[in-house]
Amino acid sequence: MNYMKTAILLAGMTALFMGVGFLIGGQAGMLIALAIAAAMNFWSYWGSDKAVLSMYGAQEVDQASAPDLYQMTWEMTQRAGMPMPRLFIIHEDQPNAFATGRNPENAAVAVNTGLLNALSREEVAGVIAHELAHIKNRDTLIMTITATLAGAVSMLANFAAFSGSSSSSDNRGGFGIIGTIAMMILAPLAASIVQMAISRSREYEADKMGAEICGNPIWLASALAKIAGSHSVNGTAEHNPQTAHMFIINPLSGERMDNLFSTHPDTGNRIAALQQLAQAWGTGGALGYAQPQPAPWGARGRGGPWG
C-alpha cells in the first residue's frame, strides 16, 4: 500500500511539473519539465533524507555520545524486528522529532534537544516508537519525496511568473498570462493538499504501531500532549514549511486545526485514540493513569545525550 501511495504521489507531482512546463514553454517546456521531474524523483529517492537532515543541522550521535537514547532505540528496534536506524540530535528548543530514509535499512531518526529536555524517559520512548513505526511502514519514503517535490513544484510555479509574460503568444493552448497566474496559485496548492492528505492518513497508524512497539499507549499520548502544548518556535521549519508534515507534531506556529490544509490530525483526536487503545489493553485510558514518570530526560542521573 505504501509503495502504491508513493507511485501515486510521484505521478501527481510529475503531472504538476508537466503542467507548469507547458504553460512556460508549450510542448517543449512540458518535455523539459518531465525530464526535470524524473531527475528530481530519482534524487528524492536517494538523497532527500540527507538534504532534510542537513537543512535542520542534525548531528549524528552513537552509543558513546548518547548512550540512553541509543540503548532505548536499540531495544525497541528489537521489539519491532527492524534494523537500528541512525540517530540524530537537532539543537532546537521546540520539542519535536521526525524520521526519514528510503527504507528501514537506510533510515534515520532525529530528535530535538527540546524534546529530550521537556519529556520523561517514557515519553521519549513513545516518540521514538512512533518514528520507528513510520520507518517500519515505509512512510519515511513518502515523507522525504513529498518534502522535496512539493517545494520543487512551488519553485517551478514561481518561475512561470517571470517567463509567462514574455511568451504568452506561443503554443500554450491559449492559456496566456491568465493561465500562468492560475498555475502559479493552483500548482503549489494542489501539491500541498496531496502532501497534507498523505501526512494525516499515516499518523493514526503510526500512533497505533508506536504504542505496540513501546508497550504503553499512554506514554505516547502524554508525549503528544506535552509537545502540542509547547509554545517554542522552530525557525527552520517556519522557513521550510514543506517539511512540516515529517514531524510528529506540526512544528509551524498557528497551524493546529484539523482540516484540509493541516499536516497532522487534531492532537486531541490522536490522544483520544491512544487512550481508547490503552483501555482495551488494560493500561489505563486517561493521562492521569499509568502516567510516565515526571522527571525530564536531562534530570536523570544516567548521563543522557550530553553525558
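All of these numbers come straight from a predicted model, not from anything done at the bench. (Residues numbered from 1 in each chain as written. Predicted model: local features only at pLDDT ≥ 70, side-chain atom pairs only at ≥ 80, totals over all residues. Heavy atoms only, no water.)

> Can you explain the overall build of the protein? Please cite residues and give values.
For the protein, the count of helices and strands is 9 helices and 4 strands. Seen in sequence order, the protein has helices and strands lined up from the N terminus as α-β-α-β-β-β-α-α-α-α-α-α-α. For the protein, the residues scored as buried account for 53% of the 307 residues in total. For the protein, restricting intrachain contacts to residue pairs at least 6 apart in sequence, the fraction spanning at least 24 positions comes to 72%. (Helix = DSSP H or I, 4+ residues; strand = E, 2+ residues; numbered from the N terminus. Buried < 20%, exposed > 50% of the residue type's maximum accessible area, 1.4 Å probe, protein only. Contact = heavy atoms within 4.5 Å.)

> Lay out a nonpolar patch on the surface in plain terms, naming residues and giving numbers.
Where nonpolar side chains cluster on the molecular surface, the patch consists of Ile181, Ile185, Leu186 and Leu189 and spans about 370 Å² of accessible area. In this fold, Ile181 is placed in helix α6 (residues 176-214). On the basis of relative accessibility, which here comes to 44%, the residue Ile181 falls in the partly exposed class. (Patch = residues over 30% accessible without salt bridge, like charges linked within 9 Å, V, L, I, M, F, W, Y side chains within 5 Å. Areas by Shrake-Rupley, 256 points an atom, 1.4 Å probe, with all protein chains shown as cover. Salt bridge = Lys/Arg side-chain N within 4 Å of Asp/Glu carboxyl O.)

> Lay out the environment of Asn234 with the relevant residues and their values.
Mapped onto the elements, Asn234 comes out in the loop between α7 (217-228) and α8 (235-239). By relative accessible area, which is 0% here, Asn234 ends up buried. Along the sequence, Asn234 and Asp93 sit 141 residues apart, while their C-alpha atoms lie 7.5 Å from each other. Beyond its immediate chain neighbours, meaning those up to four positions away, Asn234 contacts Tyr56, Glu92, Gln94, Asn112, Phe247 and Pro251.

> Go over the sheet that holds strand β1 (residues 59-61) with me, naming the residues and quoting the values.
Pairing within the open sheet is mixed, and its 4 strands lie in the order β1-β2-β4-β3. Looking at which strands have only one partner, the edges of the open sheet turn out to be β1 and β3 (97-101). Looking at each pair of strands side by side, their axes are set apart by 30° on average, direction ignored. Sheet strands touched by helix α4 (residues 121-136): β3 and β4 (107-112). Its angle to β4, the strand with the most contacts, is close to 150°. (Pairing = 2+ DSSP bridges. Axes fitted to C-alpha atoms, helices over the stretch in contact; angles between N-to-C directions.)

> Any chance you could break down α7 for me, citing the residues and the numbers?
Taking 1.5 Å per residue, 12 residues should reach 16 Å; α7 reaches 17 Å between its end C-alpha atoms and fits that length. Taken residue by residue, α7 has Pro217, Ile218, Leu220, Ala221, Ser222, Ala223, Leu224 and Ile227 as its buried positions. (Expected span 1.5 Å × (residues − 1).)

> Any details on the layout of surface pockets? Residues and values, ideally.
Considering only enclosed or pocket space, the second largest pocket measures out at about 160 Å³ in volume. What lines the second largest pocket is a set of 13 residues, among which Asp49, Arg86, Asn106, Ala107 and Ala108 lie closest to the centre. Listed by contribution, the elements that provide at least two residues to the lining of the second largest pocket are α1 (2-55), β2 (86-90) and β4. Take the lining of the second largest pocket: its biggest share by element is 3 residues, from α1. The residue makeup of the lining of the second largest pocket, split by class, is 7 nonpolar, 1 polar and 5 charged. (1 Å grid on protein atoms, 1.4 Å probe; cavity = no way out; pocket = protein on both sides within 12 Å on 5 of 7 lines; lining within 4 Å. Points joined across faces, edges and corners; volume = space filled by probe spheres on them. Nonpolar A, V, L, I, M, F, W, Y, C, P; charged D, E, K, R; others polar.)

> So what's going on with the packing of aromatic side chains? Residues and values would help.
Inspection of the entire model under this criterion finds 3 aromatic pairs. Here the aromatic rings of Tyr56 and Phe98 are separated by 5.9 Å at their centres, their planes lie at 55°, and the arrangement is tilted. Here Tyr56 is found in the loop between α1 and β1, whereas its partner Phe98 is found in strand β3, with 42 residues between them in sequence. Neither Tyr56 nor Phe98 differs from the other in exposure class; each is buried. When the centroid spacing of 5.4 Å and the interplanar angle of 70° are considered together, the rings of Tyr56 and Phe247 count as edge-to-face. One end of the pair, Tyr56, is in the loop between α1 and β1; the other, Phe247, is in the loop between α8 and α9 (267-281), with 191 residues separating them in the sequence. (Phe/Tyr/Trp six-rings, centres within 6.5 Å; stacked < 30°, edge-to-face > 60°.)

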